[in-house]
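One letter stands for each residue in the lines below.
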Amino acid sequence: MNPTDDAQFVLPPGLWEDFLSGGRLACARLISLIENEPFARTEIRDRLLPRPGGAVRIGVTGPPGVGKSTLTAALARRALDENHAVGIIAVDPTSPFTGGAFLGDRVRMHSLIGDPRVFIRSMAARDGRGGLSSAAPDAADILDAFGMDRIFIETLGVGQAELDVMTCADVLALVLQPGTGDAIQTLKAGIIETADLIIVNKTDMPGADDLLESLRFLFDSAGAAGKRNAPLLCSASAVEGRGLDEVWTALEGLIVRDRETGRLREKRRARLEGEIRTAISGSLWERYVALAGGTADIALLAERLSREGGSPYPFIRKECGRIKLVRDGRPELPPKKKE
Amino acid sequence: MSDKRLKVIIAKPGLDGHDRGVKVVARALVEAGMEVVYLGLRQTPESIVRAAVEEDADVIGLSVLSGAHLANFRRVKELMNDAGIGGRLLTGGGIIPAGDQDELCALGIGRLFGPGDELQSIVDYIKAWDAGRRP
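All figures in this text were calculated on a predicted structure; none of them were measured in a lab. (Residues numbered from 1 in each chain as written. Chains lettered and ligands numbered in written order. Predicted model: local features only at pLDDT ≥ 70, side-chain atom pairs only at ≥ 80, totals over all residues. Heavy atoms only, no water.)

Residue and element names in this part refer to chain A. Counting residues in hydrophobic clusters, the biggest one holds 51 residues, and the most contacted among them are Phe19, Leu30, Ile44, Ile89 and Ile142. With seven residues, helix H2 (residues 24-36) is the single largest residue contributor to this core. Residue assignment places this core across two domains, with domain 1 (1-47) and domain 2 (49-261) each supplying three or more. Residues contacting Phe19, with those up to four places away along its chain left out, are Ala26, Cys27, Leu30, Leu48, Ile142, Ala145 and Phe146. Residues Ile88, Met109, Leu112 and Val175 belong to the second largest nonpolar core, which totals 35 residues. (Core = buried A, V, L, I, M, F, W, Y, C linked by side-chain atoms within 4.5 Å. Buried < 20%, exposed > 50% of the residue type's maximum accessible area, 1.4 Å probe, protein only. Helix = DSSP H or I, 4+ residues; strand = E, 2+ residues; numbered from the N terminus. Domains from an automatic or database assignment. Contact = heavy atoms within 4.5 Å.)

Here chain A is described as being made up of domain 1 (1-47), domain 2 (49-261) and domain 3 (273-331). Domain 2 of chain A and domain 3 of chain A are separated by 37 Å when their C-alpha centres are compared.

This part is about the sheet that holds strand E3 (residues 101-103) of chain A. Taken in spatial order, the six strands make up an open sheet running E3(A)-E2(B)-E1(B)-E3(B)-E4(B)-E5(B), and their pairing is parallel. Only two strands of the sheet have a single partner each, and these edge strands are E3 of chain A together with strand E5 (112-113) of chain B. Inspection of the sheet shows strand E1 (residues 7-13) of chain B paired to strand E3 (residues 59-64) of chain B by four bridges, in the parallel sense. Of the residues in E3 of chain B, the one forming a bridge with Val8 of chain B is Val59 of chain B. Along the sheet, helix H3 (residues 69-82) of chain B contacts E1, E3, strand E4 (89-94) and E5 of chain B; its crossing angle with E4 of chain B, the most-contacted strand, is approximately 165 degrees. (Pairing = 2+ DSSP bridges. Axes fitted to C-alpha atoms, helices over the stretch in contact; angles between N-to-C directions.)

Residues and elements named next belong to chain A. Burial within strand E1 (residues 56-61) is extensive, with six of its six residues counted as buried. Of the strand pairs in this sheet, E1 and strand E6 (residues 171-176) are connected by four bridges, and their pairing is parallel. Bridge pairing in E6 places Ile58 opposite Val171.

Our next topic: the environment of Val326 of chain A. Inspection of the secondary structure puts Val326 of chain A in strand E9 (residues 326-327). In the structure, Val326 of chain A is positioned 25 residues away from Leu301 of chain A in sequence and 28 Å away in space, judged by C-alpha atoms.

Here we come to the environment of Pro314 of chain A. Relative to the helices and strands, Pro314 of chain A is located in helix H13 (residues 313-321). For Pro314 of chain A and Ile280 of chain A, which are 34 residues apart along the polypeptide, the C-alpha to C-alpha distance reads 24 Å.

For any pair of aromatic rings, the description consists of the separation of the ring centres together with the inter-plane angle of the planes. Here the structure, examined in full by the defined rule, presents six aromatic pairs over all chains. Their ring planes at 75 degrees and their centres at 5.9 Å tell us that Phe119 of chain A and Phe146 of chain A sit as a pair that is edge-to-face. Residue Phe119 of chain A is located in strand E4 (residues 118-124), and its partner Phe146 of chain A is located in the loop between helix H5 (136-145) and strand E5 (150-154); the two are separated by 27 residues in the primary sequence. The residues Phe119 of chain A and Phe146 of chain A share a single accessibility class, namely buried. Judged by centre distance (5.7 Å) and plane angle (65 degrees), the rings of Phe113 of chain B and Tyr125 of chain B are edge-to-face. Within this pair, whereas Phe113 of chain B is found in strand E5, its partner Tyr125 of chain B is found in helix H5 (residues 119-133), the two being separated by twelve residues in sequence. According to the relative accessible area criterion, Phe113 of chain B is buried, its value standing at 6%. Among the residues examined, Tyr125 of chain B registers a relative accessible area of 21% and is labelled partly exposed. Grouping aromatic residues by their ring pairs yields a cluster made of Trp16, Phe19, Phe119 and Phe146 of chain A. (Phe/Tyr/Trp six-rings, centres within 6.5 Å; stacked < 30°, edge-to-face > 60°.)

Now for the sheet that holds strand E7 (residues 197-200) of chain A. Residue and element names in this part refer to chain A. Judged by pairing direction, the sheet is parallel, and its seven strands sit side by side in the order E4-E2-E5-E1-E6-E7-E8 without closing on themselves. A strand with exactly one partner marks an edge of an open sheet, and here the two such strands are E4 and strand E8 (232-235). Across the sheet, the mean angle from the axis of one strand to that of its neighbour is 20 degrees, orientation sign disregarded. Here E7 pairs with E8 via four bridges, running parallel. Counterpart to Leu197 in the pairing with E8 is Leu232. Contacts from helix H4 (residues 68-81) reach E1, strand E2 (86-92), E4, E5, E6 and E7 within the one sheet, and its direction differs from that of E5 by about 180 degrees. Packing against the sheet, H5 makes contact with E1, E2, E4 and E5, and its axis sits at approximately 165 degrees to E2.

This is the structure in structure tokens:
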């Protein structure tokens, strides 16, 4: 992706106009273009104007099978009841062997189909290694521009450190279930520290009280250390329909709080900063590949090092030393003289 | 370079609880590198086409073992046309007599598979359809 070469992609005629007039298929096709065409992103991003207010993005993450999709559907139902338009982006993993994907989150969301205020999109993670598809943040921007004001972004089933959703979401809910490890597991760093709301689901199963207790201990002790805000704790049984109103109330409370304290705006700022950094590093990489005439040298070096051992850094230093940033025809930073 | 992958909606319309076969087919399509959106049981033609629009699916595959194939395929095809996705492939399988297959074929519905067909023939059929629509 090279943001300076946006002329390489042209939107199909009429697509943008269809999108602006509320065309559901046009919205879906824009998301596909972001997923499939490397040069579509800048073209679409340039056109997406910020909406006053804008959508709140709710990340839903957690291990496989804890009930993320079922809870998302239940929370989306409550959002609809309060007259929000709802977007859902549900990510499932891509096979590292075939590139195929089985996207099964819609199975749990059947009750939402038929309401015109809902737009659900399943996405395969493809190259995304952080629990999301790299196109998920842009898909959220598109759904935002489409008029959705609560956007749920559901990650694939995560382990301990898939953190992409942390920057992509304004508010992050972590879903856990009983019986997945003892109190030591809750003490570990990673995702568990990032959540604004932790939902212990499947309270109909044994062990829910133990899990809640160890989470309370974790955040009481972290609070004693004077660090970040402790997350809110909720418990629910999505299949039995218990505790869901409380989860929804807690979530909306967080949104109100974060709006008032400016934290939502700060999250958006951080997200934009991340987008800019990623785009620049991606663009520099593309230019480097063009300059170096491809990546064959890298492949050869890796092949040699894997056989003979050794450090890749002499090569990396040499290659990076060849790059000079130039602004207005003059070197941006004069090369340092050797002392 | 485009990273387009075939996106396929797989669903069972109506009150037909036999989903073992359709899961096997879905897995075969994933193995062939496709992105399969599995909707599961008890879908309506409306819910299937709505999902196909939101997912921008290339292909809809229906599994019908209940005998209600004529009504289901016809209605899904109608709704696809209304939604502007009439050019996407509607295919599927089940216990579908040859005469009924001809009738559905005349409506622009793709090949329908039955007991004894190889999984690979389904994969090959979808890939050939995809290759045929490219300019």
